[in-house]
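Results of the structural survey
Okay, here's what each chain looks like letter by letter:
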Amino acid sequence: MYAATLDGFGGPEVIRWAEVPDLPPPGPGEVAIDVVAAGVNRADLLQRQGFYPPPPGASDILGLEVSGVVAEAGAGVRDPRPGDRVCALLSGGGYAQRVVVAASQVLPVPEGLDLAAAAALPEVAATVWSNLVMRAGLHAGQLLLVHGGGSGIGTHAIQVAVNRGARVAVTAGSQYKLDRCAELGASIGINYREQDFVEVLGESGGADIILDNMGAKYLPRNVSALAEDGQLCVIGMQGGVTGELNLAELLGKRGTIHATNLRKRPATGKSSKAEIIAELRRHLWPLIAEGAVVPVVHAEVPVTEAAHAHELLDSAETVGKVVLRIDEA
Ligand SMILES: NC(=O)c1ccc[n+]([C@@H]2O[C@H](COP(=O)([O-])OP(=O)(O)OC[C@H]3O[C@@H](n4cnc5c(N)ncnc54)[C@H](OP(=O)(O)O)[C@@H]3O)[C@@H](O)[C@H]2O)c1
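As the structure is a prediction and not an experimental result, all values here were calculated from the model. (Residues numbered from 1 in each chain as written. Predicted model: local features only at pLDDT ≥ 70, side-chain atom pairs only at ≥ 80, totals over all residues.)

**Things to note about the sheet that holds strand E11 (residues 207-212)**
Strand pairing in a sheet relies on backbone hydrogen bonds. The paired strands run either parallel or antiparallel. Spatially, the six strands line up as an open sheet ordered E10-E9-E8-E11-E12-E13, and their pairing is parallel. The open sheet terminates on both sides in strands that have one partner only, identified here as strand E10 (188-191) and strand E13 (256-259). In this sheet, neighbouring strand axes are inclined to one another by 15° on average, regardless of whether the strands run parallel or antiparallel. Here strand E12 (residues 226-234) pairs with E13 via four bridges, running parallel. Its bridge partner lying in E13, Gln231 is registered against Thr256. Its contacts with the sheet place helix H4 (residues 152-163) against strand E8 (143-146), strand E9 (167-172) and E11, and it is angled at close to 165° to E9. (Pairing = 2+ DSSP bridges. Helix = DSSP H or I, 4+ residues; strand = E, 2+ residues; numbered from the N terminus. Axes fitted to C-alpha atoms, helices over the stretch in contact; angles between N-to-C directions. Contact = placed C-beta atoms within 7 Å.)

**Focus: the domain arrangement of the protein**
If you check the domain split of the protein, you get domain 1 (2-124 + 266-325) and domain 2 (136-259). Spacing between the C-alpha centres of domain 1 and domain 2 amounts to 27 Å. With nine residues of domain 1 in contact, the opposing surface of domain 2 contributes 11 residues. Of the residues belonging to the side of domain 1 that touches domain 2, the class tally is seven nonpolar, one polar and one charged. (Domains from an automatic or database assignment. Nonpolar A, V, L, I, M, F, W, Y, C, P; charged D, E, K, R; others polar.)

**Focus on the site of the ligand**
Within the structure, the ligand sits among 27 residues, and Ser151, Gly152, Gly173, Gly236 and Leu262 are positioned closest to it. Looking at side-chain class alone, the shell around the ligand contains nine nonpolar, 15 polar and three charged residues. For the shell around the ligand, the two domains that each supply at least three residues are domain 1 (2-124 + 266-325) and domain 2 (136-259). (Near = placed C-beta within 6 Å.)

**Examining the packing of helix H3 (residues 122-135) against helix H9 (residues 273-289)**
For the pair H3 and H9, interaxial distance at closest approach is 10 Å and the crossing angle is 85°. When the axis of H3 is compared with that of H9, the two are roughly perpendicular. Contact residues: Ala125, Ala126, Trp129, Ser130 and Met134 in H3; Ile276, Ile277, Glu279, Leu280 and Leu284 in H9. Here the residues of the contact of H3 with H9 sort into eight nonpolar, one polar and one charged. (Parallel < 35°, antiparallel > 145°, perpendicular 65-115°, else oblique.)

**Side note on the nonpolar core**
Membership of the largest hydrophobic core comes to 106 residues, with the highest contact counts inside it found for Leu132, Leu144, Ala207 and Leu324. Sorting elements by how many residues they give to this core places strand E3 (residues 30-40) first, with eight residues. Mapping this core onto the domain boundaries places at least three of its residues in each of domain 1 (2-124 + 266-325) and domain 2 (136-259). Those residues in contact with Leu132, other than ones at most four positions away along the chain, are Leu138, Ala157, Val160, Ala161, Ile209, Leu211 and Cys233. (Core = buried A, V, L, I, M, F, W, Y, C linked by C-beta atoms within 7 Å. Buried ≥ 20, exposed ≤ 12 C-beta atoms within 10 Å, placed from the backbone.)

As structure tokens, this is what we get:
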């Protein structure tokens with residue numbers, strides 16, 4: 001088969017579409033998927049640069065999510081079946097013509113969605129749902145602050161929160177992105193280049209939940225922006241890994257800080273990928289099927305131009321996701 005390989009670590013130019021050994025057939029509980037499209041994630045850019053190695057046992061080919069058609073089902077797999085249109089959450093290997101993955105990490109393509117759009121869903125859906133709903137218990141009437149509202153994660157988080165009856169505030173670096181966030185349902189837009197989000201949130205009594213992509217750089221101000229009993233969910237470290245935490249301020253608000261990673265979660269059992277995927281199927285997939293939550297895709301790029309897709313994501317000009325077309329290689 002063919003896959004996007006890395007000619008060493010470095011800039012986007014190290015990505016090469018090349019022949020690689022075929023994968024073994026799916027084992028018990030696994031399926032093989034002929035890939036149609038793969039989502040591009042910020043984590044892929046870090047892995048390409050050598051800063052985010054795959055967890056033990058995972059493929060070293062980039063790619064954390066795909067859509068496609070089931071080619072073969074291993075022993076014991078009753079769902080999905082060969083021929084089914086699916087999307088899947090991976091620990092790696094998605095920029096390739098075929099993947100083999102545990103059936104418990106596979107979801108049907110929601111009704112009415114094309115396969116390329118479905119590739120934009122598994123990573124954002126699993127990250128947002130596991131943090132906002134499963135961890136923080138986001139519910140109607142709460143105020144959620146989403147940093148980087150125009151990101152792949154942000155554009156999905158806004159829609160999920162609005163559907164649960166929450167109010168959403170977002171930060172972004174341009175008016176264009178803030179406008180797009182407002183179209184998706186955000187009611188408070190904060191241009192972080194011009195405004196202080198702590199001040200803006202203070203006018204509403206603080207955020208009940210913050211979904212944070214910045215890590216260290218925003219840690220002190222995130223704690224200041226929390227409401228009483230507020231929860232900070234750290235999912236990214238774009239602003240560094242080591243920050244200063246004012247425990248007195250956190251304690252005075254009875255605040256909580258969560259920090260989670262998706263890729264390193266076990267396949268099954270407590271806090272696993274399978275647990276999250278089952279929740280998505282039960283609660284989120286019906287919302288997507290009825291069009292209440294839609295995948296936001298900025299661009300579809302042929303996988304042979306994966307370097308360009310990485311440049312696009314790094315340009316900070318994208319709103320939503322970039323998807324690679326593997327079937328057009
Ligand atoms: N922990 C997990 O399991 C997990 C899973 C998936 C993703 N993530 C993380 O979630 C984050 C978003 O991922 P993605 O794939 O959706 O990335 P993405 O689409 O590349 O978005 C990154 C965003 O960061 C924003 N940004 C940059 N500087 C900012 C600042 N100072 N304040 C607020 N926003 C700022 C950019 O928007 P502007 O142009 O507005 O600056 C951009 O929209 C990443 O940090 C990623 O690593 C974590």
